[in-house]
Amino acid sequence: MTFLLRAALVIGVLSYLAAARQGAGPGPVDTAALRSTVEMTTGSLAGLAASLPPETRTEALRLGGEAVARRLNGQPASADTLSASDRAPAWRGAGGH
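Since the model is a prediction, treat every value here as computed from it, not as a measurement.

Here we look at the overall build of the protein
Counting secondary structure elements, the protein contains 4 helices and 0 strands. Reading the protein from its N terminus to its C terminus gives the helix and strand order α-α-α-α. Looking at the protein as a whole, 1% of its 97 residues qualify as buried. Counting every atom, the protein has about 8,700 Å² of accessible surface; 66% of that belongs to carbon and sulfur.

Details of helix α1 (residues 2–21)
The end-to-end C-alpha distance of α1, which contains 20 residues, comes to 28 Å, matching closely the 28 Å that a straight helix rising 1.5 Å per residue would cover. Within two residues after α1, glycine 23 carries a phi angle of roughly 85°, on the positive side.

A short note on the pattern of salt bridges
Counted by the stated rule, this structure contains 2 salt bridges. Between arginine 62 and glutamate 59 there is a salt bridge, with its nearest N and O atoms 2.4 Å apart. With arginine 62 and glutamate 59 both in helix α3 (residues 54–73), this residue pair falls 3 residues apart, about one helical turn. Arginine 62 gets classed as partly exposed once you look at its relative accessible area, which sits at 39%. The salt bridge partner of glutamate 66 is arginine 62, with a shortest N-O separation of 2.5 Å.

A short note on a nonpolar patch on the surface
Nonpolar side chains collect at one region of the surface, where Leu9, Val10, Val13, Leu14, Tyr16 and Leu17 lie side by side and expose about 600 Å² of accessible area between them. In this structure, valine 13 sits in helix α1. The partly exposed category is assigned to valine 13, whose relative accessible area is 41%.

What counts and how
- Residues numbered from 1 in each chain as written.
- Predicted model: local features only at pLDDT ≥ 70, side-chain atom pairs only at ≥ 80, totals over all residues.
- Heavy atoms only, no water.
- Helix = DSSP H or I, 4+ residues; strand = E, 2+ residues; numbered from the N terminus.
- Buried < 20%, exposed > 50% of the residue type's maximum accessible area, 1.4 Å probe, protein only.
- Areas by Shrake-Rupley, 256 points an atom, 1.4 Å probe, with all protein chains shown as cover.
- Expected span 1.5 Å × (residues − 1).
- Salt bridge = Lys/Arg side-chain N within 4 Å of Asp/Glu carboxyl O.
- Patch = residues over 30% accessible without salt bridge, like charges linked within 9 Å, V, L, I, M, F, W, Y side chains within 5 Å.

This is how it looks when you write it as structure tokens:
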């Protein structure tokens, strides 16, 4: 992952330097277009959240809150990707060993 980030950074810097060398530096930022894009994205995210079933929305908020709390407490994020159903596969039987 860091390789990809470094590669993107190097490509971006080289592209910027090439544009600056040719005299075509970055132009002014169109704040109105940027603002409308941000508002559109925010609105679509709010619409997506509103379209979720209440149970799913509640679970997503709970998991997000727990992740934020762990990050604020300085605890590292868990690398465990197993769910409860993964820990009790059907081939082990109902009781498990």
